[in-house]
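Residue-level listing of the chains:
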Amino acid sequence: MDSKKVVIIGGGFGGINLAQKLSRDKSFQIVLVDKNNYNFFPPLLYQVATGFLEASNISYPFRKFFQDKSNLRFSLGGFEKVFPEEKKVATESGDIYYDYLVFATGTESNYFGMENVRKNAVPMKTVQDALALRNHILRLKEKATKETDAAVRKKLLSIVVAGAGPTGVEVSGMLAEMHKSIFKKDYPELKREEVQIYLVDALPVVLNPMSKKSQEETLAELKGLGIEVLLDHAVKDYDNGIVTFANGNTIETETLIWTSGVTATALPGLPEEALGKGRRVLVDAYNRVKGFEDIFAIGDVCLMTADTKFPNGHPQLAQVAIQQGRNLAHNLSQWQEGRSPRAFEYNDKGTMAIIGVNKAVADLPGLHFKGFIAYFLWLVVHLFSLIRYRNQVKTLYNWMVAFFTRDQSLRFILDSKPEKPAH
């Protein structure tokens, strides 16, 4: 049997699970392409940004991961364009030919055409973003300790988090906990009342994908932490240190954290008719891209309407990408052996969000949890979702230190570049 070359673009949840499972089938030669030389765990980026985890806790190098897989190779370089008629992809490090091509490129921040927001806000999509946010917040704290003008200090110490989904809730909750228990000790020069965290969203609820019960409980917990939650507040602009909303309200701040929306990454070379809402690639029940037999898309970048339980497409969650990656590996092996493939059906395992220490909500199939139980479930699920045992041990250690001391010693400003001038 002739071996087939499978090229996977993107090493996130979907790509790494596809590569890992497919590598067991020696009739395939697999090349995973990524612009980073490491896999990382996006749900814990906010803990890197707030100094509770090191970047290495949630990251692992691809080449180390692939050492014992003889039919799996890694290629460093961002995707540039696909040439379907030549069965070729162009990357930053050269052209690669394929028998099967899989896009697992995920999403990028969506600024909804607001150029000032794109230029001035801090996103939360990559490890670099998380480290940049940590550096930014710590530098502003240092600057505030030396500032004598009360209005300027308030602007330096105000933080606006745009987007009240799980990431927005988790990062605003963590920052509020830090201001209560850590920053008052680190920065005795600053007064607690000078610090204000705003969580804003265009929708009338927090955690829109979750149950009404979770939404109400989360809103109460956020307010209990001192966070000002502004719903029905769509960001319109962010310029000169002023966040402007569609309703005319404004907030002065040097920090706008953008978690408000995502769009699928662009895939030059695919025809327009293969793309749907939010640039997501249209796929059939087997994750084949519309109009192609040898090109596939999995995870956040694809839009599948064939799953009867999700006729409008699946939620852009890690579990969808993981399950699609594993199902596609199964199907590729089936096709290779001349057998029938298996249509994808998403097994919804639930949704959860952490708000603070001992504060979380979890919507599992037929069950709802809050408080410590939900907090514990969140910790367990995220701990065992990390890619390697080494990451799990280091993360567990850091979490235990943080839990018992309500503190952590990872608040380093590591970027030597000067902070951008205050607005």
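Residues numbered from 1 in each chain as written. Predicted model: local features only at pLDDT ≥ 70, side-chain atom pairs only at ≥ 80, totals over all residues. Heavy atoms only, no water.

Could you give an account of the pattern of salt bridges, naming the residues involved and the relevant values?
Using the criterion set out here, one finds 14 salt bridges in the structure. Among the salt bridges present, the one from Arg-118 reaches Glu-115, with a minimum N-O distance of 2.4 Å. Taken together, the residues span about one helical turn, with Arg-118 and Glu-115 both in helix α4 (residues 115–120) at a distance of 3 residues. With relative accessibility at 40%, the residue Glu-115 sits in the partly exposed group. (Salt bridge = Lys/Arg side-chain N within 4 Å of Asp/Glu carboxyl O. Helix = DSSP H or I, 4+ residues; strand = E, 2+ residues; numbered from the N terminus. Buried < 20%, exposed > 50% of the residue type's maximum accessible area, 1.4 Å probe, protein only.)

Please set out helix α10 (residues 318–336) residue by residue, giving values where relevant.
The end-to-end C-alpha distance of α10, which contains 19 residues, comes to 27 Å, matching closely the 27 Å that a straight helix rising 1.5 Å per residue would cover. Burial of α10 is extensive: 14 of the 19 residues sit out of reach of the surface. Directly after α10, the chain includes Gly-338, whose backbone phi takes a positive value near 75°. (Expected span 1.5 Å × (residues − 1).)

Tell me about the packing of aromatic side chains, residues and numbers included.
Scanning the model with the defined rule gives 16 aromatic pairs in all. For the pair Tyr-46 and Trp-378, a centre-to-centre distance of 6.5 Å together with 65° between the ring planes defines the contact as edge-to-face. With Tyr-46 in helix α2 (residues 45–49) and Trp-378 in helix α11 (residues 371–385), this residue pair connects regions lying 332 residues apart in the sequence. Each member of the pair, Tyr-46 together with Trp-378, is buried. For the pair Phe-310 and Tyr-346, a centre-to-centre distance of 5.4 Å together with 55° between the ring planes defines the contact as tilted. A residue pair is termed long-range when its members are at least 10 positions apart, and Phe-310 in the loop between β22 (302–304) and α10 and Tyr-346 in the loop between α10 and β23 (351–356) qualify at 36 residues. Classification of Phe-310 by relative accessible area gives buried; the value is 17%. These aromatic residues form a ring-pair network of at least three members: Phe-62, Phe-65, Phe-66 and Phe-74. Here the guanidinium or amino end of Lys-69 rests over the ring plane of Phe-65, the centre of that ring lying 5.7 Å away. (Phe/Tyr/Trp six-rings, centres within 6.5 Å; stacked < 30°, edge-to-face > 60°. Lys NZ or Arg CZ within 6 Å of the ring centre and 35° of its normal.)

Let's hear about the sheet that holds strand β5 (residues 72–76): which residues, and what values?
Strand pairing in a sheet relies on backbone hydrogen bonds, with the paired strands running either antiparallel or parallel. Read across the open sheet, the 5 strands follow the order β5-β2-β1-β9-β21; overall the sheet is parallel. The open sheet has two free edges, formed respectively by β5 and β21 (295–297), since each of these has just one partner strand. Recorded for the sheet is a direction-independent mean angle of 20° between the axes of neighbouring strands. Sheet contacts for helix α1 (residues 13–22): β1 (4–9), β2 (28–34), β5 and β9 (100–103); angle to β2, the most-contacted strand, approximately 160°. (Pairing = 2+ DSSP bridges. Axes fitted to C-alpha atoms, helices over the stretch in contact; angles between N-to-C directions. Contact = heavy atoms within 4.5 Å.)

Tell me what's going on with the nonpolar core, and back it up with residues and numbers.
In this structure, Leu-44, Ile-58, Leu-222, Ile-227 and Trp-378 are the most contacted members of the largest nonpolar core, which totals 65 residues. Tallying contributions element by element places helix α5 (residues 127–146) first for this core, with 7 residues. For Trp-378, the contacting residues outside a window of four places in its chain are Leu-44, Tyr-46, Gln-47, Glu-170, Met-352, Ala-353, Ile-354 and Trp-399. (Core = buried A, V, L, I, M, F, W, Y, C linked by side-chain atoms within 4.5 Å.)

Which residues make up the environment of Leu-222, and what values go with them?
Tracing the backbone through its elements, the reader meets Leu-222 in helix α9 (residues 212–224). In this structure the C-alpha to C-alpha distance between Leu-222 and Glu-85, which are 137 residues apart in sequence, comes to 53 Å. For Leu-222, the contacting residues outside a window of four places in its chain are Val-169, Ser-172, Leu-199, Val-206, Ile-227, Val-229 and Ile-355.

Got a sec to walk through the sheet that holds strand β6 (residues 79–83)? Specific residues and values, please.
Strand order in the open sheet made by the 3 strands is β6-β7-β8, with antiparallel pairing throughout. Both outer strands of the open sheet, β6 and β8 (94–97), are each paired with one neighbouring strand and no more. Along the sheet, successive strands turn relative to each other by an average axial angle of 20°, direction set aside. Where β6 and strand β7 (residues 88–91) come together, 4 bridges link them in antiparallel fashion. Paired with Phe-83 across the bridge in β7 is Lys-88.

Outline the side chain of Asn-327, listing residues and values.
In this fold, Asn-327 is placed in helix α10. Given the relative accessible area of 6%, Asn-327 is considered buried.

Let's hear about the packing of α11 against helix α12 (residues 389–405): which residues, and what values?
Running from amino to carboxyl end, α11 crosses α12 at an angle of 155°, the nearest separation of the two axes being 9 Å. In terms of orientation, α11 lies roughly antiparallel with respect to α12. When you trace α11 past α12, the crossing you get is right-handed. Contact with α11, carried on its side by Tyr-375, Trp-378, Leu-379, His-382, Leu-383 and Phe-384, involves Gln-392, Thr-395, Leu-396, Trp-399 and Phe-403 of α12 and no other residues of that element. Its residues placed into classes, the contact of α11 with α12 shows 8 nonpolar, 3 polar and no charged. (Parallel < 35°, antiparallel > 145°, perpendicular 65-115°, else oblique. Left-handed = near helix turned anticlockwise from the far one by under 90°. Nonpolar A, V, L, I, M, F, W, Y, C, P; charged D, E, K, R; others polar.)

Report on the pairing of strand β12 (residues 158–162), specifying residues and quantitative values.
Residues in a regular strand project their side chains so that they alternate between the two faces of the sheet. β12 sits mainly inside the fold: 5 of its 5 residues count as buried. Here β12 shows a buried face lined by Ser-158, Val-160 and Ala-162 and a second buried face lined by Ile-159 and Val-161. Bridging between β12 and strand β13 (residues 196–200) involves 5 bridges; their strand directions are parallel. Looking at the pairing, Ser-158 lines up with Gln-196 of β13. When β12 meets strand β18 (residues 255–258), the two strands line up parallel, connected through 4 bridges. For Ala-162, the partnering residue across the bridge sits in β18 and is Trp-258.

A description of α1 should follow, citing residues and the corresponding values.
Taken across its 10 residues, α1 has 8 buried, putting it largely inside the fold. Among all positions in α1, only Phe-13, Gly-14, Gly-15, Ile-16, Asn-17, Leu-18, Ala-19 and Leu-22 are buried.

So far we have only geometry, and geometry alone does not tell us how the molecule works.
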